[in-house]
Amino acid sequence: MTDPEAWRRQDGVLAGPGGAMTDEVGVITGPLTLRTTAGPDGEVRFAIQYEEADEWYTLTGSPVTHGDPAVLHAAALAAVRAGQGAEAPRPGA
């Protein structure tokens, strides 16, 4: 069986003023954990949660199609640190 998540990275991040925007609950703030996964289909997905919580939320704008997942993960971390209702980065943006 092939792993549908060919690439995964997860990091803690402190959200800047205005936090990060999620599809499920709107803006979340404070210490968060960002998980980026990329599957063999080229889609890169971003999930975010309150640090040490059980629930994961979709970072608004996720998934994105194609793009280097490591670069997109770094861009998503930077966006969440900046706050202002951060959303998933777009490749080439």
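Residues numbered from 1 in each chain as written. Predicted model: local features only at pLDDT ≥ 70, side-chain atom pairs only at ≥ 80, totals over all residues. Heavy atoms only, no water.

A. Representation of the pairing of strand 5 (residues 43-50) within the structure. In this structure, strand 4 (residues 31-38) lies alongside strand 5, joined through seven bridges in antiparallel fashion. Note on strand 5: the bridge partner recorded for Leu32 is Tyr50. Counting the residues between successive antiparallel strands, the hairpin from strand 4 to strand 5 contains four residues, one of them, Gly42, with a positive phi of roughly 90°. With two bridges connecting them, strand 5 and strand 7 (residues 64-65) associate as antiparallel partners. (Pairing = 2+ DSSP bridges. Helix = DSSP H or I, 4+ residues; strand = E, 2+ residues; numbered from the N terminus.)

B. Expanded view of the environment of Gly85. When you line up the elements, Gly85 lands in the segment after helix 1 (69-82). Overall, Gly85 belongs to the buried group, its relative accessible area being 16%. Remark: the alpha-carbon pair of Gly85 and Ala20, spanning 65 residues in sequence, is separated by 4.5 Å. Once residues lying within four places of it in the same chain are set aside, the contact partners of Gly85 are Gly18, Gly19, Ala20 and Met21. (Buried < 20%, exposed > 50% of the residue type's maximum accessible area, 1.4 Å probe, protein only. Contact = heavy atoms within 4.5 Å.)

C. View of the pattern of salt bridges. If you walk through the whole model with that rule in mind, you get one salt bridge. Its salt-bridge partner being Glu43, residue Arg45 comes within 2.7 Å of it at the nearest N-O pair. Residue Arg45 is classed as partly exposed on the basis of its relative accessible area of 39%. (Salt bridge = Lys/Arg side-chain N within 4 Å of Asp/Glu carboxyl O.)

D. Structural detail: unusual backbone geometry. In the segment running from Ser62 into Pro63, the intervening peptide bond is cis, with an omega of 0°. Positive phi outside glycine occurs at His66, with the angle close to 65°. With respect to the helices, strands and loops of the structure, His66 is situated in the loop between strand 7 and helix 1. Residues other than glycine seldom take positive phi values, yet Gln84 does so here, at roughly 60°. By secondary structure assignment, the location of Gln84 is in the segment after helix 1. Residue classification places Gln84 among the exposed residues on the basis of a relative accessible area of 63%.

E. Inspection of the side chain of His73 at higher detail. One can find His73 in helix 1. Exposure remark for His73: the relative accessible area of 2% places this residue in the buried category. Other than its neighbours up to four places away in sequence, His73 contacts Trp7, Arg9, Gln10, Asp11, Leu34, Thr36 and Phe46.

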